[in-house]
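Each chain, written out:
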Amino acid sequence: MTNPLLDDWTTPFGLPPFDVISDDDFAPAVDAALAESRANIAAIAENPDAPDFANTIEALERADDTLGRVLGVFYNLAGADSNPAREALQRTFAPLLSAYGSEVSENKALFARVEAVWENRDTLDLTDEQQRVLMLTRRGFVRSGANLAGKAAEDLRAVKSRLSVLGTEFTQNLLADEREWFMVLGADDLAGLPDFVVATAKAAGAEKDAGGPIVTLSRSLIVPFLQFSERRDLRQKAYEAWGARGANGGETDNRGIAAETLKLRQDRARLLGYDSFADFKLETEMAGTPKAVRDLLMQVWEPAKAAAEADAAILEKMLHADGFDGQLEPWDWRFYAEKRRKELHDLDEAELKPYLQLDRMIEAAFACANRLFGLEFAPFAGPAYHPDVRMWDVSRDGEHVAVFIGDYFARGSKRSGAWCSAMRSQQRLSGDIRPHVVNVCNFAKPEAGKPALLSYDDARTLFHEFGHALHQMLSDVTYESISGTSVARDFVELPSQLYEHWLDVPEVLSEFATHAETGAPMPEDLLNRMLGAATYDMGFQTVEYVASALVDLGFHDGPAAADPMQRQAEILEEIGMPHAIRMRHATPHFAHVFAGDGYSSGYYSYMWSEVMDADAFAAFEEAGNPFDPETAKLLEDTVLSSGGSVDAAELYKAFRGRLPGVEALLKGRGLDKAA
Ligand SMILES: [Zn+2]
């Protein structure tokens, strides 16, 4: 019997034949594909011919073609439509794939060939793109330790394995502390809480058999409690418990883990020949160096702090008017900011919702892509993995560009959040391969016959993920390893966050934000309140975020601190942290930085991307037209079509003529007025 995952696919556009694939097909397909990959790797490493670009680097690009095709289907399903069988397969595949990855990166004969091609690079007449792929391939080997031998190689292996144990412990301790703490609310303790908070608190109490409503440390409960509770004493108690996660002493305390992690990261960087862990981490990023990151963060920090301090003075007056003496405290901020928000930008979600229909917002995202890049979207019926999935043939001037797949509604089998993935990426090495791009969201599904309605945040999410999709669909490179969104982490959110700006273009909203029943456009007053509410309290949000990013950077760009809590206090003192705001994530519960490597000395990258998207959209504003054809063409020719074939900073300079400045971000966040 043949396995449909390994057959040729004769479906429209070569989409996976979901109608004939069953869960039982995955394990044998992955086994066969892994065997094929291993044979390919061995053939490259043992090739008797002298190493050259085609027989080594291009051969490596192709080595996992079958594996990539099978896993592209599997991981799409595992995220968007899981079931117990698929969850079990995920647990089976993870160690198999990580073992294969280590085998490849530790293959000395293979690395020797890559190194030989690298050393001869000037004699090989390579294209710019080939030189880039060669550099990235070799760098990947070197960064995982391929250059090390003997004791140094053993030490690196030991450091990496201990780090992964510490990351898991950090996460588990945090979860334990979050589960452990709760505060029961008596009848007198509900003052100020709206019905939805009381309902959530009751549901949480029922789950814990607490005999009444409770506050837990889950963000979705404690944040609204801090916003609405009139009981200052209870706000303080809850806030302090929230801030103490991971620092409660005993078995689940994360402070020792943080110290050991920082020390091991320093060891890892030094074994690989870097001065600091931040130097190691930032080498692959657009920012490049710790100094570039700090410069950018500090340019945002000062105006954000000034704005936050001006807000604090207003909120403190409100506190005093309520009969309290003394300073505004961290557990007061959200409460008084919420009161002030109601006065300034009262926004009734129920009034807004009928204007934001899912189908109209999809049309809006497509219409903008049509005006900017000439793309057309034609729906078609093809093999889908779920009945809610919709597909479009994307074309330009009659030529097929991509398949776009939209999977918008929440369901139990889907993980939370929203994301963009490619079941197949664009490349030309194995023929003219056009991408299959999926946007997955978790919007509430309407009752049968009713239109699906979105919140403004949902609509932003739709545009955001569609921006990632454009980055995949407009990709125009030869090699898959640098295709579409395969770019630096601090660059990958540029196309997505940039696309959100078109949702806020008034002519887009007035055309597409129409009432579900009457068809009337959104009234201007409502539109203004909606846009105003979205940028409210930015001083606070920017300060709590940037402080965390500066502490993350301070931990990694010098010698490891023996006492991270003391180092954290010193950094906050140096930057003059406002009294009533604390870090968004303090060290003992800073999972971005300590639960794994992902965002360590990388927490800054959200802000980095936002600086870029604001600055990039300003190019359209300067042209006097949000759809300026020349600017759009330049955006496609540089950022959107190049994937990782060119260094991110070079791409940005090619688009904008210079590196991004912070002015547009400060203006967008309303922080330009306070300083
Ligand atoms: Zn994103």
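Procedures and definitions
Residues numbered from 1 in each chain as written. Predicted model: local features only at pLDDT ≥ 70, side-chain atom pairs only at ≥ 80, totals over all residues. Heavy atoms only, no water. Helix = DSSP H or I, 4+ residues; strand = E, 2+ residues; numbered from the N terminus. Buried < 20%, exposed > 50% of the residue type's maximum accessible area, 1.4 Å probe, protein only. Contact = heavy atoms within 4.5 Å. Areas by Shrake-Rupley, 256 points an atom, 1.4 Å probe, with all protein chains shown as cover. Lys, Arg positive; Asp, Glu negative; His and termini not counted. Charge placed at Lys NZ, Arg CZ, Asp CG, Glu CD. Donors = N, O, S within 2.8 Å, 3.2 Å for Na, K, Ca; no water. Pairing = 2+ DSSP bridges. Axes fitted to C-alpha atoms, helices over the stretch in contact; angles between N-to-C directions. Core = buried A, V, L, I, M, F, W, Y, C linked by side-chain atoms within 4.5 Å. Polar contact = N/O pair within 3.5 Å; in protein donor to acceptor, adjacent residues only side chain to side chain. 1 Å grid on protein atoms, 1.4 Å probe; cavity = no way out; pocket = protein on both sides within 12 Å on 5 of 7 lines; lining within 4 Å. Points joined across faces, edges and corners; volume = space filled by probe spheres on them. Salt bridge = Lys/Arg side-chain N within 4 Å of Asp/Glu carboxyl O. Parallel < 35°, antiparallel > 145°, perpendicular 65-115°, else oblique. Nonpolar A, V, L, I, M, F, W, Y, C, P; charged D, E, K, R; others polar.

**Remarks on the overall build of the protein chain**
For step 1, the next point in the chain: Helix and strand content of the protein chain: 27 helices and seven strands.
For step 2, the next point in the chain: Referenced to the eigenvectors of the C-alpha coordinate spread, the extents of the protein chain come out at roughly 85 × 65 × 55 Å.
For step 3, the next point in the chain: Counting over 675 residues, the protein chain shows a buried share of 53%.
For step 4, the next point in the chain: For the protein chain, the proportion of contacts with a sequence separation of at least 24, taken over those separated by at least 6, is 74%.
For step 5, the next point in the chain: Per element, the accessible surface of the protein chain, about 29200 Å² overall, is 51% carbon and sulfur.
For step 6, the next point in the chain: In the protein chain, which carries 66 positive and 108 negative side-chain charges, the distance between the mean positions of the two groups comes to 3 Å.

**Things to note about the coordination of the zinc ion**
Each angle at a metal carrying four tetrahedral donors should ideally be 109.5 degrees, and each at a metal carrying six octahedral donors should ideally be 90 or 180 degrees.
For step 1, the next point in the chain: With distances of 2.1 to 2.2 Å, the protein atoms coordinating the zinc ion are His 464 (NE2), His 468 (NE2) and Glu 493 (OE).
For step 2, the next point in the chain: In the primary structure, the donors to the zinc ion are separated according to the pattern H-x3-H-x24-E. Linking His 468 in helix H17 (residues 456-473) with Glu 493 in the loop between H17 and helix H18 (494-503), this pair joins segments that are 25 residues apart in sequence.
For step 3, the next point in the chain: Take His 468: its relative accessible area is 9%, and that puts it in the buried class.
For step 4, the next point in the chain: Classification of Glu 493 by relative accessible area gives partly exposed; the value is 23%.

**Overview of the sheet that holds strand S6 (residues 419-424)**
For step 1, the next point in the chain: In spatial order, the strands read S3-S4-S5-S7-S6; together these five strands make up an open sheet with mixed pairing. Edge positions in the sheet fall to strand S3 (376-379) and S6, since each of these pairs with one other strand and no more. Between one strand and the next, the sheet's axes are offset by a mean angle of 30°, whatever the strand orientation.
For step 2, the next point in the chain: In terms of strand pairing, strand S4 (residues 390-396) meets strand S5 (residues 399-409) through seven bridges, oriented antiparallel.

**Looking at the nonpolar core**
For step 1, the next point in the chain: Core analysis: the largest hydrophobic core is formed by 134 residues, its most contacted members being Trp 333, Leu 462, Phe 466, Met 473, Phe 491, Tyr 499 and Trp 502.
For step 2, the next point in the chain: For this core, the element with the highest residue contribution is helix H13 (residues 290-321), accounting for 12 residues.
For step 3, the next point in the chain: Ignoring sequence-local partners within four residues, the contact set of Phe 466 consists of Ala 365, Phe 366, Ala 369, Phe 377, Phe 404, Asn 439, Met 473 and Tyr 499.
For step 4, the next point in the chain: Listed in part, the 54 residues of the second largest apolar core include Trp 9, Ile 44, Ala 78 and Tyr 385.

**Some words on the environment of Ser 510**
For step 1, the next point in the chain: Along the chain, Ser 510 falls in helix H19 (residues 506-512).
For step 2, the next point in the chain: For Ser 510 and Glu 524, which are 14 residues apart along the polypeptide, the C-alpha to C-alpha distance reads 8.7 Å.
For step 3, the next point in the chain: A polar side-chain atom of Ser 510 sits 3.4 Å from the main-chain carbonyl oxygen of Glu 507.

**A word on empty space enclosed by the protein**
For step 1, the next point in the chain: With the rule as written, the count across this model stands at four cavities of 30 Å³ or more.
For step 2, the next point in the chain: Taken as a whole, the largest cavity spans an internal volume of roughly 60 Å³.
For step 3, the next point in the chain: In this structure, the largest cavity is lined by Leu 262, Gln 266, Arg 270, Asp 275, Ser 276, Phe 277, Phe 555, His 556, Gly 558, Pro 559 and Ala 560.
For step 4, the next point in the chain: Listed by contribution, the elements that provide at least two residues to the lining of the largest cavity are helix H11 (255-271) and helix H21 (538-556).
For step 5, the next point in the chain: Residue contributions to the lining of the largest cavity peak at three residues, all from H11.

**A closer look at the pattern of salt bridges**
For step 1, the next point in the chain: If you walk through the whole model with that rule in mind, you get 46 salt bridges.
For step 2, the next point in the chain: When the shortest N-O distance is used, the salt bridge between Arg 255 and Asp 253 registers 2.6 Å.
For step 3, the next point in the chain: Residue Asp 253 is classed as buried on the basis of its relative accessible area, which comes to 16%.
For step 4, the next point in the chain: Arg 390 is the salt-bridge partner of Asp 359, the closest N and O atoms lying 3.1 Å from each other. Taken together, the residues span a long stretch of sequence, with Asp 359 in helix H16 (residues 358-373) and Arg 390 in strand S4 at a distance of 31 residues.
For step 5, the next point in the chain: The class for Asp 359 is partly exposed, based on a relative accessible area of 42%.
For step 6, the next point in the chain: On the basis of relative accessible area, Arg 390 is assigned to the partly exposed category, the value being 31%.

**Considering unusual backbone geometry**
For step 1, the next point in the chain: Phi is positive for Asp 209, close to 55°, though the residue is something other than glycine.
For step 2, the next point in the chain: Among the structural elements, Asp 209 can be located in the loop between helix H8 (195-207) and strand S2 (214-216).
For step 3, the next point in the chain: Although it is not a glycine, Asp 537 sits at a positive phi angle of roughly 65°.
For step 4, the next point in the chain: Here Asp 537 is to be found in the loop between helix H20 (524-534) and H21.

**Quick notes on the packing of helix H1 (residues 26-45) against helix H4 (residues 84-105)**
For step 1, the next point in the chain: Two numbers describe how H1 lies on H4: the axes approach to 12 Å, and their chain directions differ by 0°. Between H1 and H4, the crossing angle belongs to the class labelled roughly parallel. Of H4, the residues touching H1 (which contributes Phe 26, Ala 27, Val 30, Asp 31, Leu 34, Ser 37, Arg 38 and Ile 41) are Leu 89, Phe 93, Leu 96, Leu 97, Tyr 100, Glu 103 and Val 104.
For step 2, the next point in the chain: Taken together, the residues of the contact of H1 with H4 sort by class into 11 nonpolar, one polar and three charged.

**Examining the side chain of Arg 245**
For step 1, the next point in the chain: Within the fold, Arg 245 resides in the loop between helix H10 (232-243) and H11.
For step 2, the next point in the chain: In this structure the side chain of Arg 245 is engaged in a polar contact, spanning 2.7 Å, whose partner is the backbone oxygen of Trp 242.
For step 3, the next point in the chain: Every residue in contact with Arg 245, bar those within four places of it in the chain, is listed here: Leu 174, Asp 177, Glu 178, Leu 217, Pro 588 and His 589.

**Comments concerning the environment of Arg 38**
For step 1, the next point in the chain: Structurally, Arg 38 can be placed in helix H1.
For step 2, the next point in the chain: Given a relative accessible area of 33%, Arg 38 falls into the partly exposed group.
For step 3, the next point in the chain: Here the alpha-carbon distance between Arg 38 and Tyr 100, two residues 62 residues apart in the chain, equals 8.0 Å.

**Quick notes on the environment of Ser 218**
For step 1, the next point in the chain: When you line up the elements, Ser 218 lands in the loop between S2 and helix H9 (219-228).
For step 2, the next point in the chain: When the C-alpha positions of Ser 218 and Glu 154 are compared, they lie 41 Å apart, and in sequence the two are 64 residues distant.
For step 3, the next point in the chain: Polar side-chain contacts of Ser 218 include one of 3.0 Å to the side chain of Ser 220.

**Digging into the side chain of Asp 388**
For step 1, the next point in the chain: Note on placement: Asp 388 falls in the loop between S3 and S4.
For step 2, the next point in the chain: For Asp 388, a relative accessible area of 15% gives the class buried.
For step 3, the next point in the chain: Setting aside chain neighbours within four positions, we find Asp 388 in contact with Gly 406, Phe 409, Arg 411 and Lys 445.

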